[in-house]
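# Structural description and commentary
As a plain string of letters, each chain reads:
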Amino acid sequence: MAKADVVVIGGGCMGLGLARGLAGRGRKVALLEAGGAAREASWAAAGMIGAQSEAMEDDAYFAATVVSRDLWPDYARGLAADTGADFGFHPEGGLHLAFGAAYESRLEAKYLWQKTRSGRVERLEKEDLRRRFPFLHPRVSAGYLAHGDYWVDNRALCRALEASCRTLGVEIREGCPAEPLEAEGGRVGRVRAGGAEWEAGDVVVAAGAWSTPLLKGLLQPPPQVSPVKGQMLSFDVPESLLPSVPLHGENLYFVPRRTEEGPKLLVGATVENTGFDKRLTGEGVEYLLQGSFETIPDLRSCAIGEFWAGLRPGASDGWPTLGPTPLKGLHLCCGHYRRGILFLPLTVDSLVQSVLEGSLPEATRPFAYGRHLEGEGRGL
Ligand SMILES: Cc1cc2nc3c(=O)[nH]c(=O)nc-3n(C[C@H](O)[C@H](O)[C@H](O)COP(=O)(O)OP(=O)(O)OC[C@H]3O[C@@H](n4cnc5c(N)ncnc54)[C@H](O)[C@@H]3O)c2cc1C
């Protein structure tokens with residue numbers, strides 16, 4: 001039987017991030033990944049770190065997104081220093097577009113509210129918008145720059161996390177699906193995967209949309225995490241069509257990405273409850289293309305670089321579940337839904353504290369397992 005201080009199940013950004021965090025604190029970590037590292041949601045994502053993109057409510061969730069966003073610049077600096085990798089972390093903000101007067105007043109209300117919380121929102125009038133983003137459709141009537149939003153190349157980020165894990169001695173086993181966990185005497189300390197068995201002081205479940213089946217016999221109820229499909233595509237664009245910041249349009253977003261093959265504009269995403277089905281659909285692709293042309297007409301003549309889809313780990317109450325459980329040695333790190341990249345630094349800090357001290361930092365205590373049982377947070 002193999003031994004480790006900590007076994008992490010799942011090699012997405014969460015599993016890789018917290019394996020790195022724990023190995024950096026001197027723990028012997030084994031990471032078990034069913035397929036290839038970072039080939040699921042963390043690969044499919046758009047990489048936006050957008051605490052301000054959707055929030056309108058003063059709740060613990062918004063507060064935690066702001067804490068995590070504010071951790072990102074240092075987190076990115078640390079990872080870049082460890083690996084020498086450029087994973088395209090950009091702190092320049094994001095632009096939210098309005099399409100006519102009614103839309104403007106909705107956005108205005110949202111950003112006036114956000115301004116009081118984060119203080120970094122700027123309205124761009126139509127002329128200014130035209131000057132800075134001349135490729136936008138004429139029906140775009142105003143814009144709101146959220147200076148506190150960041151973005152990152154999530155695929156390059158995951159490669160950097162994996163490289164850092166390997167340097168720190170994390171044993172990464174790919175093609176090694178963990179079997180549903182079992183407890184012995186109120187403790188989880190063994191994991192069977194890929195025909196082998198690990199003995200560990202602590203086990204962390206970070207299996208994204210696949211987390212619930214691993215926990216079914218163990219926790220009553222297990223956190224309810226299920227797949228929410230997102231289809232995306234990217235255009236190969238000339239420099240003249242590459243915005244300087246991500247754009248948030250009518251139910252679609254556009255994220256600039258520089259790659260070795262040239263500049264790309266990512267367009268996402270659909271939101272679909274279709275189970276564990278990652279196939280692209282005609283309707284999904286039509287939705288992305290139509291929204292693209294209605295925002296940036298010149299995209300019609302651009303080559304399409306790639307189509308893809310991923311499964312977001314959607315929690316029944318929309319909040320992640322993090323930290324210790326009533327079973328000794330078992331920790332949860334799942335249900336980040338549309339914000340896993342944004343939540344990465346705070347989640348890593350939280351799980352490191354969970355494993356080392358058995359507790360969570362204040363910002364993520366509302367995400368603890370059992371919140372629904374105690375009548376705290378939202379019901380599952
Ligand atoms: C289209 C799309 C766009 C998105 N855009 C953004 C964005 O702009 N900003 C943002 O913050 N978030 C975004 N997200 C959400 C973000 O990608 C996720 O919240 C985040 O990647 C979740 O990370 P994870 O490690 O929990 O899951 P995953 O990356 O899915 O990783 C889970 C891993 O666990 C493995 N696994 C499953 N079962 C087992 C098992 N039994 N044993 C071992 N391994 C197992 C899987 O193979 C997988 O590699 C987006 C998601 C999608 C799909």
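Secondary structure assignment for the protein chain yields nine helices and 17 strands. The globule rule puts the C-alpha radius of gyration for 380 residues at 21 Å, and the 21 Å found for the protein chain is close to it.

A separate point is the packing of helix α1 (residues 13-23) against helix α9 (residues 344-357). Interhelical geometry of α1 versus α9 gives an angle of 55 degrees and a closest axis separation of 9 Å. Considering the angle they form, α1 stands oblique to α9. Two packed elements cross with a definite hand, and for α1 against α9 that hand is right-handed. Between α1 and α9, the contacting residues are Cys13, Met14, Gly17, Leu18, Gly21 and Leu22 on the first element and Leu344, Thr347, Val348, Leu351, Val352 and Val355 on the second.

Before going further, it helps to spend a moment on the confidence of the model for the protein chain. Of the residues in the protein chain, 96% have a pLDDT of 70 or more, and the chain-wide mean is 94. Low confidence marks residues 375-380, where pLDDT is under 50. Its contacts with residues over four positions away, or in another chain, come to 16 contacts.

The peptide bond linking Gln220 to Pro221 adopts the cis configuration, its omega dihedral lying at -5 degrees. By the element assignment, Pro221 lies in the loop between α7 (211-215) and β11 (225-236). In the segment running from Gly268 into Ala269, the intervening peptide bond is cis, with an omega of -10 degrees. Note that Ala269 resides in the loop between β14 (262-268) and α8 (282-293). The backbone phi angle of Ala38 is positive, close to 50 degrees, even though this residue is not glycine. One can find Ala38 in the loop between β2 (29-32) and α2 (41-44). A positive phi is found at Asn251, a non-glycine position, where the angle reads about 65 degrees. Considering the arrangement of structural elements, one finds Asn251 in the loop between β12 (247-248) and β13 (253-259). Of the residues examined, Asn251 has 10 C-beta atoms within 10 Å and is grouped as exposed.

Strand order in this open sheet of eight strands is β5-β6-β4-β12-β13-β14-β11-β15, and the pairing throughout is mixed. Every other strand in the sheet has two partners, leaving β5 (121-124) and β15 (303-315) as the edge strands with one partner each. The pairing of β11 with β15 spans twelve bridges and is classified as antiparallel. Across the sheet, residue Ser234 finds its bridge partner in β15, namely Glu306. Its contacts with the sheet place α8 against β11, β14 and β15, and it is angled at close to 50 degrees to β11.

Taken together, 42 residues form the shell around the ligand, and within it Gly10, Gly12, Gly208, Gly230 and Gly340 come nearest. Residue classes in the shell around the ligand are distributed as 23 nonpolar, 13 polar and six charged. A domain split of the shell around the ligand shows at least three residues from each of domain 1 (2-76 + 154-224 + 317-367) and domain 2 (92-149 + 227-315).

Our next topic: the nonpolar core. Core analysis: the largest hydrophobic core is formed by 113 residues, its most contacted members being Val7, Ile9, Leu18 and Val204. Of all the elements, α1 adds the most residues to this core, at seven residues.

Now for the domain arrangement of the protein chain. As far as domains go, the protein chain holds domain 1 (2-76 + 154-224 + 317-367) and domain 2 (92-149 + 227-315). Inter-centroid distance (C-alpha atoms) of domain 1 to domain 2 is 28 Å. At the level of elements, α2, β3 (48-49) and α3 (60-83) are the ones that each hand at least two residues to the side of domain 1 that touches domain 2. At three residues, the largest contribution of residues to the side of domain 1 that touches domain 2 is made by α2. When its residues are assigned to classes, the side of domain 1 that touches domain 2 shows 17 nonpolar, eleven polar and four charged.

Parameters at a glance
Residues numbered from 1 in each chain as written. Predicted model: local features only at pLDDT ≥ 70, side-chain atom pairs only at ≥ 80, totals over all residues. Helix = DSSP H or I, 4+ residues; strand = E, 2+ residues; numbered from the N terminus. Rg over C-alpha atoms; globule rule 2.2 N^0.38 Å. Axes fitted to C-alpha atoms, helices over the stretch in contact; angles between N-to-C directions. Parallel < 35°, antiparallel > 145°, perpendicular 65-115°, else oblique. Left-handed = near helix turned anticlockwise from the far one by under 90°. Contact = placed C-beta atoms within 7 Å. pLDDT = per-residue confidence, 0-100. Buried ≥ 20, exposed ≤ 12 C-beta atoms within 10 Å, placed from the backbone. Pairing = 2+ DSSP bridges. Near = placed C-beta within 6 Å. Nonpolar A, V, L, I, M, F, W, Y, C, P; charged D, E, K, R; others polar. Domains from an automatic or database assignment. Core = buried A, V, L, I, M, F, W, Y, C linked by C-beta atoms within 7 Å.

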